[in-house]
Amino acid sequence: QVQLVESGGGLVQPGGSLRVSCAVSGTIASISYMGWYRQAPGKQREQRELVASMFTGSSANYADSVKGRFTISRDNAENTVYLQMNSLKPEDTAVYYCDIRSGKTGRDYWGQGIQVVVSS
């Protein structure tokens, strides 16, 4: 059974950095897509914002609001996807979710969400 376990969130001051991780337990066949989404306070699940994404073999894409500050990456050896967040702003406060898609089945796997709070 596949599980995505997120870690690394927490409270950080404006201007600070955090790295959130999404560790995959089990096997996702032929990963074709990875993405990080966030759900801001008071927003519904349908209003999750795509923050960063990457199709296997392609360049990463970022929301304009995080471009130049966030970086998505993948460590194949550790079966983990990362989101490095620098120069954090209060408006980055949200629950962050990772999404990994199997290219073989088309199924999306989601993490449980990790809270990031940017506040002084």
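Up top is the structure.
Residues numbered from 1 in each chain as written. Predicted model: local features only at pLDDT ≥ 70, side-chain atom pairs only at ≥ 80, totals over all residues. Heavy atoms only, no water.

A. Expanded view of the state of the cysteines. Counting across every chain of the model gives one disulfide. A sulfur-sulfur distance of 2.0 Å marks the disulfide that ties Cys22 to Cys98. Disulfide Cys22-Cys98: torsion about the S-S bond near 55°, hence right-handed. Taken as a pair, Cys22 in strand β3 (residues 18–25) and Cys98 in strand β9 (residues 94–102) lie far apart in primary sequence, 76 residues in all. (Disulfide = S-S within 2.5 Å. Helix = DSSP H or I, 4+ residues; strand = E, 2+ residues; numbered from the N terminus.)

B. Spotlight on the environment of Ile31. Structurally, Ile31 can be placed in strand β4 (residues 31–39). It is 9.3 Å that separates the C-alpha atoms of Ile31 and Gly106, two residues lying 75 residues apart in sequence. Residue contacts for Ile31: discarding those within four places in its chain leaves Thr56, Arg74, Ile100, Arg101 and Gly103. (Contact = heavy atoms within 4.5 Å.)

C. Fine view of the pattern of salt bridges. Scanning all chains against the criterion turns up five salt bridges. The residue Arg69 makes a salt bridge to Asp92 at a minimum N-O spacing of 2.8 Å. Here Arg69 is found in the loop between β6 (60–62) and β7 (70–75), whereas its partner Asp92 is found in the loop between β8 (80–85) and β9, with 23 residues between them in sequence. When sorted by exposure, Arg69 lands in the same class as Asp92, which is buried. Of the charged contacts, one joins Arg101 and Asp108 as a salt bridge, the two residues approaching to 3.1 Å between their closest N and O atoms. (Salt bridge = Lys/Arg side-chain N within 4 Å of Asp/Glu carboxyl O. Buried < 20%, exposed > 50% of the residue type's maximum accessible area, 1.4 Å probe, protein only.)

D. Examining the packing of aromatic side chains more closely. What the rule picks out here adds up to two aromatic pairs. Between Tyr37 and Trp110 the ring centres are 5.1 Å apart and the planes differ by 50°, which places this aromatic pair in the tilted class. Note that Tyr37 is positioned in strand β4 and Trp110 in strand β10 (residues 108–110), a separation of 73 residues in sequence. Taking the relative accessible area as the measure of exposure, Tyr37 reaches 15% and is therefore buried. Sitting above the plane of the Trp110 ring, Arg48 keeps its charged end 5.3 Å from the centroid. (Phe/Tyr/Trp six-rings, centres within 6.5 Å; stacked < 30°, edge-to-face > 60°. Lys NZ or Arg CZ within 6 Å of the ring centre and 35° of its normal.)

E. How the structure looks around the side chain of Arg69. Judged by relative accessible area, which is 10%, Arg69 ranks as buried. A polar atom in the side chain of Arg69 sits 2.9 Å from the backbone oxygen of Ser87. Among residues more than four places away in sequence, those in contact with Arg69 are Gln84, Met85, Asn86, Ser87, Leu88, Lys89 and Asp92. (Polar contact = N/O pair within 3.5 Å; in protein donor to acceptor, adjacent residues only side chain to side chain.)

F. Structural detail: the nonpolar core. Core analysis: the largest hydrophobic core is formed by 30 residues, its most contacted members being Leu4, Trp36, Leu83, Met85 and Tyr96. Residue assignment for this core shows that the elements contributing at least two residues are β3, β4, β5 (49–55), β7, β8, β9 and β11 (114–118). Excluding residues that lie within four positions of it along the chain, Tyr96 makes contacts with Glu6, Trp36, Tyr37, Arg38, Val51, Phe70, Leu83, Met85, Gly113, Ile114 and Val116. (Core = buried A, V, L, I, M, F, W, Y, C linked by side-chain atoms within 4.5 Å.)

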